[in-house]
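Summary of the model geometry
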Amino acid sequence: MDTIRRRYTGILIKKMTTTAIFIAISIIATRFLSLYLFSKTSRIGLGTLPIILCSLINGPFFGALCGVAADFIGTVLFEPGPYLFVYSISAALQGILPYLLNRFVLKHKYGKIATAGFITLVLELTLGLYLIFNDTFKFSGVVYELSLNTKLATFFIFNAIILLMFTSIYFISKKLVKYYQLYGNNDIFNTFAIITFNEIVIIVILGALWKQVCFDIAFPAGIVTSFIFFVPNVIVKGIVTLLLSNAISSIDGKYIVGNKKNNSVRSYLSRQASLHHN
């Protein structure tokens, strides 16, 4: 019993320590290494990656704790404006959803297709409902009228962007498969699915909602400003997440993204050395 207790105490201390490290990295990356746009209502950076990694490594509780703590501490210490609780909701979800996707959704045969379908459905419903129930569009203080032709054109352009988004992410993922097969030990497609889901649901849609609530920026305008850098954000964050998760896995001996048993860099190199020796 004492051995089991010491074991779980050690695991808890390890998770608390790594979570504190992820919180510090997230604060630094968000507050000092990010680019702010559109009067500081939009931000480009890698500050969410430590939260996502914390979720995948330590689970949803510590992931949510990492997100909320990083947002609260960073805002209180380094932001001149007031602390806005709604953004902590997004930060908590950043630490919960990656684990749930990786653990319960993407491991199934059709998990990736279901995730892509859900993302598309959410985007279609979000924009479609807005266009149905609104005849005006406010951007930068200017109100624009939305005629039927404008609504139809907007809807078709938006669908073209969605198609381009998934196509770009898919082909870039395929290009990385050769590297993944040789040196990687985490699921590349699951990684990009997690990043894409988080970016769409939390950064784009929830971000646009919070902009409307907190800054009186029209919901579609918030989506547009967040969507501009969506594809490069997903690509960069996906590659960085893969590199970091592979580095951690090669040390720890466990998969971070995916559900297979370890097939780390060291295992690959040992097999190659064995073949060369024979």
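The residue numbers shown here count from 1 along each chain, following its written sequence. Note on the predicted model: pLDDT of at least 70 is required for a residue's local features to be given, and 80 or more for side-chain atom pairs to be given and counted; whole-chain, interface and lining totals, by contrast, use all residues. As a rule here, side-chain values cover all heavy atoms of the structure and leave hydrogens and water aside.

Strands here mean DSSP runs of E at least two residues long; helices mean DSSP runs of H or I at least four residues long; both are numbered from the N terminus. The helix and strand inventory of the protein chain stands at 11 helices and 4 strands. Two residues qualify as a contact provided that any one of their heavy atoms is within 4.5 Å of a heavy atom in the partner residue. The long-range fraction of contacts in the protein chain, counting pairs at least 24 apart against all pairs at least 6 apart in sequence, stands at 70%. Using the Shrake-Rupley algorithm and a 1.4 Å probe, accessible areas are obtained, with residue cover drawn only from the displayed protein chains. Carbon and sulfur atoms make up 70% of the accessible area of the protein chain, which amounts to about 15,500 Å² in all.

Bringing the nonpolar core into the picture now. Take the buried residues of types Ala, Val, Leu, Ile, Met, Phe, Trp, Tyr and Cys, join any two whose side-chain atoms come within 4.5 Å, and each joined set is a nonpolar core. Accessibility here uses a 1.4 Å probe with only protein chains present; expressed as a share of the type maximum, an area under 20% marks a residue as buried, one over 50% as exposed, and anything in between as partly exposed. Counting 38 residues, the largest nonpolar core has Leu123, Ile194, Ile200, Ile205, Phe227 and Phe230 as its most contacted members. The set of elements that each furnish at least two residues to this core consists of α2 (49–58), α4 (85–105), α5 (111–133), α6 (148–175), α8 (188–215), α9 (219–227) and α10 (230–252). Per element, the largest residue contribution to this core is 12 residues, and it comes from α8. With residues near it in sequence (within four places) discarded, isoleucine 200 still touches Ile119, Leu123, Met165, Ile205, Phe227 and Phe230. Counting 10 residues, the second-largest nonpolar core is a separate cluster that includes Ile23, Ile27, Ala69 and Ala70.

Glancing now at the side chain of lysine 151. With respect to the helices and strands, lysine 151 occurs in helix α6. When near neighbours in sequence (up to four residues on either side) are disregarded, lysine 151 contacts Leu131, Ile132, Asn134, Asp135 and Leu146.

On to the environment of phenylalanine 62. Looking at the element boundaries, phenylalanine 62 is found in helix α3 (residues 60–78). Once the C-alpha coordinates of phenylalanine 62 and methionine 16 are considered, the two residues, 46 residues apart in sequence, prove to be 7.7 Å apart.

As a further point, take the pattern of salt bridges. Salt bridges are identified by distance alone: a Lys or Arg side-chain nitrogen within 4 Å of an Asp or Glu carboxyl oxygen. If you walk through the whole model with that rule in mind, you get 3 salt bridges. A salt bridge links arginine 31 to aspartate 71; the shortest N-O distance between them is 3.9 Å. On the criterion of sequence distance, the pair formed by arginine 31 in helix α1 (residues 2–32) and aspartate 71 in helix α3 is long-range, its members being 40 residues apart. Residues arginine 31 and glutamate 79 are paired through a salt bridge, measuring 3.0 Å at the closest nitrogen-oxygen approach. Of the two residues, arginine 31 is situated in helix α1 and glutamate 79 in the loop between α3 and α4; the sequence distance between them amounts to 48 residues. When its relative accessible area of 13% is taken as the criterion, arginine 31 is described as buried. If you follow the salt bridges from partner to partner, you end up with Arg31, Asp71 and Glu79 in one network.

This part takes up the packing of α5 against α8. Any two packed helices are characterised by the angle at which their axes cross and by the distance between the axes. The axes used here are C-alpha line fits, helices contributing only the stretch in contact, and every angle between their N-to-C directions lies in the interval 0 to 180 degrees. The N-to-C vectors of α5 and α8 enclose an angle of 15°; their axes lie 10 Å apart at closest approach. By the angle between their directions, the pair α5 and α8 is classed as roughly parallel. Here α5 and α8 pass one another in a crossing that is left-handed. Contact with α5, carried on its side by Lys112, Thr115, Phe118, Ile119, Val122, Leu123 and Thr126, involves Phe189, Asn190, Ala193, Thr196, Phe197, Ile200, Val201 and Ile205 of α8 and no other residues of that element. Here the angle decides the label: under 35 degrees means roughly parallel, over 145 means roughly antiparallel, 65 to 115 means roughly perpendicular, and every other value means oblique. Crossing handedness is read from the near helix: turned anticlockwise from the far helix by less than a right angle, it gives a left-handed crossing, and turned clockwise, a right-handed one.

The next point concerns the packing of α5 against α9. Their axes nearest at 10 Å, the elements α5 and α9 cross at an angle of 140°. Looking at the two axes, α5 sits oblique to α9. On α9, the residues touching Leu123, Thr126 and Tyr130 of α5 are Phe219, Pro220, Ile223 and Phe227. Residues were grouped as follows: Ala, Val, Leu, Ile, Met, Phe, Trp, Tyr, Cys and Pro as nonpolar; Asp, Glu, Lys and Arg as charged; and all remaining residues, including Gly, as polar. Classifying every residue of the contact of α5 with α9 by side-chain character gives 6 nonpolar, 1 polar and no charged.

Expected span of a helix: the number of residues minus one, times 1.5 Å. In this model α4 runs 29 Å from its N-terminal to its C-terminal C-alpha over 21 residues, within 8% of the 30 Å that 1.5 Å per residue would give. Throughout, the bend at a residue refers to the angle made by two axes, fitted to the seven residues ending there and to the seven starting there. Within α4, the axis deviates most sharply at glutamine 94, by approximately 25°, and proline proline 98 lies no more than four positions further along. The complete set of buried residues in α4 reads Val86, Ser88, Ser90, Ala91, Ala92, Gln94, Gly95, Leu97, Pro98, Leu101 and Asn102. As for α4, its buried residues are in contact with α2, α3, α5 and α8.

Attention now moves to the confidence of the model for the protein chain. A score from 0 to 100, pLDDT tells how confident the predictor is in each residue. When pLDDT is averaged along the protein chain, the result is 78; 80% of the residues meet or exceed 70. Across the protein chain, α3 holds the top mean pLDDT of 94, while helix α11 (residues 265–277) sits lowest at 47. Here residues 260–273 scores under 50 on pLDDT; set against residues more than four positions off or in separate chains, the count is 19 contacts.

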